[in-house]
Amino acid sequence: MKEIPILVYHKISPRFEAGLTTINPKSFKKQMQFLKQKGYVGCSLKDYHQDPQKNKFVITFDDAYENIYQYALPTLKELGFTASIFVIVNFIGKYNTWDANLFGIKFKHANQSQIQEMINSNWEICSHSLSHKALISLTNKQIINEIKKSKIELETLFDVKINSFGFPFGYYNKKIIKTLKEYGYKNGVGFTKNLKNEIPVYGRMGVYKLVDGKRNTYFKINKQHPLNIFEKVKGKIIHSGSYLTILYQKILGNH
Ligand SMILES: [Zn+2]
């Protein structure tokens, strides 16, 4: 199983937020335009599997925020790109109360008709669980519920097949991969790859505010570039910050 160049974004919004996961729409547009100029085509994971080409890279959006519908969808449409979006099923059309929400800044998740419009624009929708809890901290029964029920609900709501599961906070283990396969998923996505299991788990490169410009985005998807490894290390360091969100959830005890 080969590694695939995959970018992951969270929020595309002009609103201020303390974390690094909110990218300004203008910066996002510049990054995508730059990659297009370099000869790349952004597509969904499904599209990549159906027709893998050297100049393709995969665009993924975790958590399915409304701002992805507002800002990323029109930009990608304009460039002829598509993407895969990972939906938290219990939060469709709701505020992100599952997140740490520093300073009380809340973001809304895309609603059903907005997600439907993405599907109509050839985007792939994928499961990002029911409730965005770190699966590794749940019981077997809860893990099965998050994996199985989120797939069934998305397939019923949108009449599409769900092939991919995005691990909340990127955490998974062998047992979780096995469960994914059992319930009909073809792959998982996280931040670290594991291509040697029953089904592959693809690693992804996060794009972050302040530390990533259009050139960094290009280094991230171009494995041949000498700065690709630098981007990988940078991503790992930044991603380690998500431990804080899990800790916060545990302290609150409401998720
Ligand atoms: Zn997430």
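Above this text sits the structure in question.
What comes next concerns the included structure. What you see is a predicted model; the values in this text were computed from it and never measured.

Our focus in this paragraph is the overall build of the chain. Looking only at helices and strands, the chain features 9 helices and 11 strands. For 255 residues, the compact-globule estimate of 2.2 N^0.38 gives 18 Å, and the C-alpha radius of gyration of the chain, at 17 Å, lies within 12% of that figure. Across its three principal directions, the C-alpha atoms of the chain cover 45 × 40 × 35 Å. In the chain, which comprises 255 residues, the share counted as buried stands at 41%. Long-range pairs, those at least 24 residues apart, make up 63% of the contacts in the chain with a sequence separation of at least 6.

Another point: the nonpolar core. By size, the foremost hydrophobic cluster in this structure holds 63 residues, and its most contacted members are Leu-7, Ala-64, Ile-68, Ile-85 and Val-87. Ranked by the residues each element gives to this core, the list is headed by helix α3 (residues 66–79), at 6 residues. When neighbours within four sequence positions are excluded, Val-87 is seen to be in contact with Ala-64, Ile-92, Ile-115, Ile-125, Ser-127, His-128 and Leu-154.

So, on to the pairing of strand β7 (residues 124–127). By the alternation rule, side chains of β7 split into Glu-124 and Cys-126 and Ile-125 and Ser-127, which are all buried. Bridge count between strand β6 (residues 84–87) and β7: 4 bridges; the pairing is parallel. Within the sheet, the bridge partner assigned to Ile-85 lies in β7 and is Ile-125.

Axis separation between helix α5 (residues 140–158) and helix α6 (residues 174–182) bottoms out at 10 Å; the angle between their running directions is 40 degrees. As summarised for this structure, α5 and α6 are arranged oblique, according to the angle between their axes. In the crossing of α5 with α6, the sense of the turn from one axis to the other is right-handed. For the pair α5 and α6, the contacting residues are Ile-143, Ile-144 and Ile-147 in the first and Ile-176, Thr-179 and Leu-180 in the second. Looking at the contact of α5 with α6 residue by residue, the class counts come to 5 nonpolar, 1 polar and no charged.

Let's shift gears to α3. Between its first and last C-alpha atoms α3 spans 20 Å; for 14 residues at 1.5 Å apiece the expected length is 20 Å, and the two agree. The axis of α3 is deflected most strongly, by about 35 degrees, at Ala-72, and proline Pro-74 appears within four residues downstream. Residues of α3 that are buried: Asn-67, Ile-68, Tyr-69, Tyr-71, Ala-72, Leu-73 and Leu-76. Looking at the buried residues of α3, the elements they touch are β2 (11–12), α1 (25–37), β4 (41–43), β5 (56–62), β6 and α4 (112–120). Positioned one or two residues after α3, Gly-80 has a phi angle of 80 degrees, which is positive.

The rules behind the values
Residues numbered from 1 in each chain as written. Predicted model: local features only at pLDDT ≥ 70, side-chain atom pairs only at ≥ 80, totals over all residues. Helix = DSSP H or I, 4+ residues; strand = E, 2+ residues; numbered from the N terminus. Rg over C-alpha atoms; globule rule 2.2 N^0.38 Å. Buried ≥ 20, exposed ≤ 12 C-beta atoms within 10 Å, placed from the backbone. Contact = placed C-beta atoms within 7 Å. Core = buried A, V, L, I, M, F, W, Y, C linked by C-beta atoms within 7 Å. Pairing = 2+ DSSP bridges. Axes fitted to C-alpha atoms, helices over the stretch in contact; angles between N-to-C directions. Parallel < 35°, antiparallel > 145°, perpendicular 65-115°, else oblique. Left-handed = near helix turned anticlockwise from the far one by under 90°. Nonpolar A, V, L, I, M, F, W, Y, C, P; charged D, E, K, R; others polar. Expected span 1.5 Å × (residues − 1). Bend = angle between axes of the 7 residues up to and from the residue.

Purely geometric stuff here, so don't read any function into it on its own.
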